Amino acid sequence: AVVAEAGLQAEVIDIDAFTLENMYEANYEINEGEIIALVNIGAAITTLNIVRSGASVFTRDVASGGNILTPRGSYLYASRFLQQSLKRPGQFFSG
């Protein structure tokens, strides 16, 4: 309805998990019996799609993504940087 109200006509509508699968299949050959895990870690949602022999057998959206990981990773990086800097007097500040 929103698309029509905007004066547009939808040609293709895709779901995140299947979009990722379609992109993979367009770029890589999938062999019979091959199992592939496709993971898209977005800011707020992580999408998982398990593909076997070119067919999706499991999909799941998890309501956590990079927004949860980034602050923790930044904290750990900053903490390690400070620890290393304090071990080297005179190198913490430059100029």
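Residues numbered from 1 in each chain as written. Predicted model: local features only at pLDDT ≥ 70, side-chain atom pairs only at ≥ 80, totals over all residues. Heavy atoms only, no water.

Okay, the overall build of the chain next. Across its full length, the chain carries three helices and three strands. When the helices and strands of the chain are placed in sequence order, the string is α-α-β-β-β-α. Evaluated residue by residue, the chain yields a buried proportion of 14% over its 95 residues. Summed over all atoms, the accessible surface of the chain reaches about 7700 Å², with 58% contributed by carbon and sulfur. (Helix = DSSP H or I, 4+ residues; strand = E, 2+ residues; numbered from the N terminus. Buried < 20%, exposed > 50% of the residue type's maximum accessible area, 1.4 Å probe, protein only. Areas by Shrake-Rupley, 256 points an atom, 1.4 Å probe, with all protein chains shown as cover.)

With that settled, the discussion passes to the sheet that holds strand E3 (residues 55–62). With respect to topology, three strands assemble into an open sheet ordered E1-E2-E3, the strand pairing being antiparallel. On the outer flanks of this sheet lie strand E1 (35–41) and E3, each paired with one strand and no other. In this sheet, neighbouring strand axes are inclined to one another by 15° on average, regardless of whether the strands run parallel or antiparallel. As paired strands, E1 and strand E2 (residues 46–52) are joined by seven bridges and run antiparallel to one another. (Pairing = 2+ DSSP bridges. Axes fitted to C-alpha atoms, helices over the stretch in contact; angles between N-to-C directions.)

Right, let's get into the pairing of E3. Across seven bridges, E2 lies against E3 in antiparallel orientation. By the bridge assignment for E3, threonine 46 is matched with valine 62. In textbook terms, the turn of a hairpin is the stretch between consecutive antiparallel strands, and for E2 and E3 this stretch comprises two residues, one of which, serine 53, has a positive phi near 55°.

On to the side chain of threonine 46. By the secondary structure assignment, threonine 46 is in strand E2. A residue is classified by how much of its surface remains accessible, and threonine 46, at 16% relative accessible area, is buried.

Treat this as a map of the structure, not an account of what it does.
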